[in-house]
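Here is what each chain is made of, one letter per residue.
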Amino acid sequence: MSGTLITGPDGLRRCPWGGMDAESAADYRAYHDTEWGLPVHGDDALYERICLEAFQSGLSWLTILRRREGFRAAFAGFSIEKVAAFTDADAERLLADPGIIRNRAKITAAMANARVAAEWAPGELDALIWSYAPEGAAAAPRTAADVPATTPESTALAKDLKKRGFRFIGPTTAYALMQACGLVNDHLAGCHARGRAGR
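Conventions adopted
- Residues numbered from 1 in each chain as written.
- Predicted model: local features only at pLDDT ≥ 70, side-chain atom pairs only at ≥ 80, totals over all residues.
- Heavy atoms only, no water.
- Helix = DSSP H or I, 4+ residues; strand = E, 2+ residues; numbered from the N terminus.
- Rg over C-alpha atoms; globule rule 2.2 N^0.38 Å.
- Contact = heavy atoms within 4.5 Å.
- Areas by Shrake-Rupley, 256 points an atom, 1.4 Å probe, with all protein chains shown as cover.
- Lys, Arg positive; Asp, Glu negative; His and termini not counted.
- Charge placed at Lys NZ, Arg CZ, Asp CG, Glu CD.
- Salt bridge = Lys/Arg side-chain N within 4 Å of Asp/Glu carboxyl O.
- Buried < 20%, exposed > 50% of the residue type's maximum accessible area, 1.4 Å probe, protein only.

**A look at the overall build of the chain**
- On a plain count of helices and strands, the chain comes out with 10 helices and two strands.
- Counting from the amino terminus, the chain carries its helices and strands in the arrangement β-β-α-α-α-α-α-α-α-α-α-α.
- Relative to the compact-globule value of 16 Å for 199 residues, the chain shows a C-alpha radius of gyration of 17 Å, a close match.
- Expressed as lengths along the three principal axes of its C-alpha atoms, the size of the chain is roughly 50 × 40 × 25 Å.
- Sequence-distant contacts, at least 24 apart, represent 65% of the contacts inside the chain between residues at least 6 apart.
- Accessible surface, the chain: about 9,300 Å² in total, of which carbon and sulfur atoms supply 54%.
- Seen as two clouds, the 23 positive and the 24 negative side-chain charges of the chain have centres 3 Å apart.

**Comments concerning the environment of Leu62**
- Among the secondary structure elements, Leu62 is positioned in helix H3 (residues 61–66).
- Linking Leu62 and His187, residues 125 residues apart in sequence, is a C-alpha distance of 18 Å.
- The contacts of Leu62, once residues within four sequence positions are left out, are Ser24, Asp27 and Tyr28.

**So, the pattern of salt bridges**
- Under the criterion given, the structure shown has 11 salt bridges.
- Across the pair Arg66 and Asp27 runs a salt bridge whose closest N-O atoms are separated by 2.9 Å. Placement of Arg66 in helix H3 and of Asp27 in helix H1 (residues 22–34) is noted, with a sequence separation of 39 residues between them.
- Arg66 sits in the partly exposed class, given a relative accessible area of 43%.
- One salt-bridge network, held together by shared partners, links Glu35, Glu48, Arg49, Arg68, Glu69 and Arg72.

So this is what it looks like as structure tokens:
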């Protein structure tokens, strides 16, 4: 697949992953056009994105998108307070749930991360994550090859979260979170969604 913009059947130019093949195009296109890169705020909303990015590690993002409602049902709408109260029985329930990715390490990390975040003041997770947004707007990447996998900011964010007790978050996952939640704008130059994104 080319690393440059593609033109969809609707005539709009998108990042190459936003079109993909016919089977996955509708799911990717909707996510690309209406969510990816738009600013996300709120502790629970950001906790959801941290969880989903962690569950995606080693898998296709399409796998996560197609199970997203299953994840929301299984994890109590990603309410930090509710997930923090999950027990070992809940972990076993999640491991048997075909609507999510049944990976013990990722499930226990999601539960542990909720327990950490539940101890913080309201808005603290949001403020922490957004404190790592780079200063100013970077130049628009022209091809997919211009988009990094990690940055100094994502490395620092992952290190900070780990220091505070978060699990299953490294620099690459942290950067994917930053892209998805609008801390950076990695829509390619000329992508129709770039102007709507966060930075």
